[in-house]
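Per-entry structural report
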Amino acid sequence: YEISHDTLVEPVKTFRKKRMEEAERLRREQELEDLRRREEEALREAAEERRRKEELEKAFREVQRQRQRARMLVVTVAIAFALAMVGLVLAREQRSKAIEQQEIANVALQRFLNEKAAKEKTQVEQLLREADTFILTDEWFFALEKLKAAAIIDSTNQEVKEKIRFCEQQSK
């Protein structure tokens, strides 16, 4: 027994040592493989995190651009509204001035028409007096000229029409 024990101890120790070394090597390889897998997983997670972060940053920038556009739109609308209000006030002011000027023009026109009517009345009266003078002297041709001139000025004057008929009858 002692001999077999002494002879087998060394190979058993050697086998055990090799088996332990092999187990240690396999354990280290397994740890190394686990470490590589965890590293790869960490790298994938980091890459995924970077991608999500980039997407979030891109979405944030887009939201910022949209907000900026919305602010610009609000400012533009506010400016347009203010300009419209200024335009409205100016338009009302111009309308008031136009109405005032219209009234002034109407008064001036009425004054002109009154003065023209008075002048025409005076001219017709003068032409009638001159025609009467020619009628008194039996100068029918000259009287007709004066009466026709008066009729051109006032075609509705019945006195002028009657005297024209009278002179035309007398001149025949």
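Values in this document were obtained by computation on a predicted structure and should not be read as measured data. (Residues numbered from 1 in each chain as written. Predicted model: local features only at pLDDT ≥ 70, side-chain atom pairs only at ≥ 80, totals over all residues. Heavy atoms only, no water.)

Helix and strand counts for the chain come out as three helices and zero strands. For the chain, the α and β elements follow one another from N to C terminus as α-α-α. For 172 residues, the compact-globule formula gives about 16 Å, and the C-alpha radius of gyration of the chain, at 62 Å, lies well above that figure. Judged by the C-alpha coordinates and their principal axes, the chain covers about 195 × 30 × 15 Å. (Helix = DSSP H or I, 4+ residues; strand = E, 2+ residues; numbered from the N terminus. Rg over C-alpha atoms; globule rule 2.2 N^0.38 Å.)

A word on a nonpolar patch on the surface. A surface patch of nonpolar side chains, about 280 Å² in accessible area, is lined by Val75, Ile79 and Leu83. Within the element layout of this structure, Val75 appears in helix H1 (residues 2-136). You can call Val75 partly exposed: its relative accessible area is 42%. (Patch = residues over 30% accessible without salt bridge, like charges linked within 9 Å, V, L, I, M, F, W, Y side chains within 5 Å. Areas by Shrake-Rupley, 256 points an atom, 1.4 Å probe, with all protein chains shown as cover. Salt bridge = Lys/Arg side-chain N within 4 Å of Asp/Glu carboxyl O. Buried < 20%, exposed > 50% of the residue type's maximum accessible area, 1.4 Å probe, protein only.)

This paragraph deals with the pattern of salt bridges. Following the criterion strictly, the structure yields 17 salt bridges and no others. Notably, a salt bridge pairs Glu120 with Lys116, separated by 3.8 Å at the nearest N-O pair. Pair noted here: Glu120 and Lys116 are both in helix H1, with a separation of four residues, about one helical turn. Residues joined by salt bridges that share partners form a network here, namely Glu24, Arg27, Arg28 and Glu31.

Further remarks concern helix H3 (residues 158-170). With 13 residues, H3 ought to run about 18 Å at 1.5 Å a step, and its terminal C-alpha atoms sit 18 Å apart, in line with that. Residues Val160, Lys163, Ile164 and Cys167 constitute the buried set of H3. Down the axis of H3, the sector holding all buried residues measures 105°, keeping them to one side. Backbone nitrogen of Glu159 and a side-chain oxygen of the N-cap are separated by 3.0 Å at the start of H3; the cap is Asn157. (Expected span 1.5 Å × (residues − 1). Arc of directions from axis to C-beta. Polar contact = N/O pair within 3.5 Å; in protein donor to acceptor, adjacent residues only side chain to side chain.)

Considering the arrangement of structural elements, one finds Glu33 in helix H1. Here Glu33 falls in the partly exposed class, since its relative accessible area comes to 33%. Residues Glu33 and Lys97, 64 residues apart in the sequence, show an inter-C-alpha distance of 94 Å.

Moving on: helix H2 (residues 140-153). Compared with the 20 Å implied by 1.5 Å per residue over 14 residues, the 20 Å span of H2 between its first and last C-alpha is a close match. Every buried residue belonging to H2 is among Trp140, Ala143, Leu144, Leu147 and Ala150, and all of these are buried. Each buried residue of H2 lies within a common arc of 125° when the element is viewed along its axis, so the set occupies one face. Exposed residues on H2 whose side chains face more than 90 degrees from its buried face are Phe141 and Ile152.

Now for the environment of Lys172. Assignment of secondary structure puts Lys172 in the segment after H3. With 32 residues separating them along the chain, Lys172 and Trp140 place their C-alpha atoms 9.6 Å apart.

Its location among the elements puts Asn157 in the loop between H2 and H3. Among the polar contacts made by the side chain of Asn157, one reaches the main-chain amide nitrogen of Glu159 at a distance of 3.0 Å.

Next up on the list: the packing of aromatic side chains. In the structure shown here, the tally under the stated rule is three aromatic pairs. Taken together, a centroid distance of 5.7 Å and an interplanar angle of 75° make the contact between Trp140 and Phe166 edge-to-face. Here Trp140 is found in helix H2, whereas its partner Phe166 is found in helix H3, with 26 residues between them in sequence. Of the aromatic side chains, those joined through ring pairs into one cluster are Phe134, Phe141 and Phe142. (Phe/Tyr/Trp six-rings, centres within 6.5 Å; stacked < 30°, edge-to-face > 60°.)

In short, geometric facts, not functional conclusions.
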